[in-house]
Amino acid sequence: VYNNRHEWRFLYAPLEIDLKATLPGTVLFNGQTFNAGAADAYYKFNSYRLTYAYHFEPIHQWRLALGGTAKIREAEVKLRQNGIVSSKKNTGFVPLLNFQALRPLGEDWNFRFDFDGLAAPQGRAFDIALLFEYKLQKHFSIVETVCNIILR
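Position numbers for residues start from 1 in each chain and track the written sequence from start to end. For a predicted model such as this one, the threshold for reporting local features is a pLDDT of at least 70, and the threshold for listing and counting side-chain atom pairs is 80 or more; totals across whole chains, interfaces and linings nevertheless cover every residue. Excluded from the side-chain calculation are hydrogens and water; included are all heavy atoms of the structure.

**Describing the pattern of salt bridges**
In plain terms, the rule: Within this document, salt bridges are pairs made up of a side-chain nitrogen of Lys or Arg and a carboxyl oxygen of Asp or Glu, the two lying within 4 Å of each other. By the criteria applied, helices consist of DSSP H or I runs no shorter than four residues and strands consist of E runs no shorter than two, each listed in order from the N terminus. Each residue gets one of three labels from its accessible area relative to the maximum for its type: buried under 20%, exposed over 50%, partly exposed in between, using a 1.4 Å probe on protein chains only.
Taken as a whole and assessed by the stated rule, the structure comprises ten salt bridges. A salt bridge links Lys-44 to Glu-74, with the shortest nitrogen-to-oxygen separation between them at 3.4 Å. Taken together, the residues Lys-44 in strand β5 (residues 37-55) and Glu-74 in strand β6 (residues 63-81) connect sequence positions 30 residues apart. Lys-44 gets classed as buried once you look at its relative accessible area, which sits at 13%. We note a salt bridge from Arg-112 to Glu-133, for which the minimum N-O separation is 3.2 Å. A residue pair is termed long-range when its members are at least 10 positions apart, and Arg-112 in strand β8 (residues 109-120) and Glu-133 in strand β9 (residues 123-137) qualify at 21 residues.

**Some points on unusual backbone geometry**
A positive phi angle, close to 55°, is found at Asn-30, a residue other than glycine. Within the secondary structure, Asn-30 sits in the loop between β3 (27-29) and β4 (32-34). Backbone geometry at His-60 places phi at a positive 55°, although glycine is not the residue there. With respect to the element layout, His-60 can be found in the loop between β5 and β6.

**A closer look at the side chain of Glu-133**
Rule in force here: In the analysis that follows, any N or O atom pair within 3.5 Å is treated as a polar contact, provided that within protein one partner can donate a hydrogen and the other can accept it, and provided that, for residues neighboring in sequence, both atoms belong to side chains.
Residue classification places Glu-133 among the buried positions, given a relative accessible area of 10%. Within polar-contact distance, the side chain of Glu-133 engages the side chain of Arg-112 at 3.2 Å.

**Things to note about the packing of aromatic side chains**
Put simply, the rule reads: Paired rings are identified among Phe, Tyr and Trp, the last through its six-membered ring, by centres lying within 6.5 Å, and are further divided according to the angle between planes into stacked (under 30 degrees), edge-to-face (over 60) and tilted (the rest). By definition, being over a ring means that NZ of Lys or CZ of Arg is both within 6 Å of the ring centre and within 35 degrees of the ring normal.
Per the stated rule, a full pass over the model turns up eight aromatic pairs. Ring geometry for Trp-8 against Tyr-52: centres 5.0 Å apart, planes inclined by 55°, an arrangement best described as tilted. On the criterion of sequence distance, the pair formed by Trp-8 in strand β1 (residues 6-13) and Tyr-52 in strand β5 is long-range, its members being 44 residues apart. Here the aromatic residues Trp-62, Phe-111 and Phe-132 are joined through ring pairs into a cluster of three or more. Of note, Lys-78 hangs over the ring of Tyr-42, and the distance from its end group to the ring centre comes to 5.5 Å.

**Focus on the nonpolar core**
Put simply, the rule is: Nonpolar cores are built from buried Ala, Val, Leu, Ile, Met, Phe, Trp, Tyr and Cys residues. Side-chain atoms within 4.5 Å join them into one set. Throughout, a contact is declared for two residues whenever any of their heavy atoms are within 4.5 Å.
In terms of nonpolar packing, the biggest core is built from six residues, these being Leu-23, Phe-29, Phe-34, Ala-39, Ala-41 and Leu-79. Excluding its chain neighbours within four sequence positions, the residues that come into contact with Ala-41 are Ile-17, Asp-18, Leu-19, Lys-78 and Leu-79.

This is the structure:
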């Protein structure tokens, strides 16, 4: 947090999974037909986020912040079987509203609620997290997630 008011965050959350699958029957995926039996599957959902939040004056013991998040998601699903490969990729920009509420629990401990979300005709995304934060230094903390809810 800069000047007790302005916060910038960058998050890179990679997720890539390769797995061996057994298809129970014929599968039509992305215009290709895959027969029952062994297949290789690949799933990627990388997320990049840049968040800006403005922190308001404390209300009682709560510190509130409001801002926005620019999210880029990089997704791919791929299926491979006996030389047949079909892949569906989707990369896109998702603007999200950011809301934060933080309450000190002691000298070095905070309880934190983080929300990134927005609904539009094209879809919706809601990421909600309840966190405990321990300050190691003035600008460096360790955060433990209590609960993280992702609705899409």
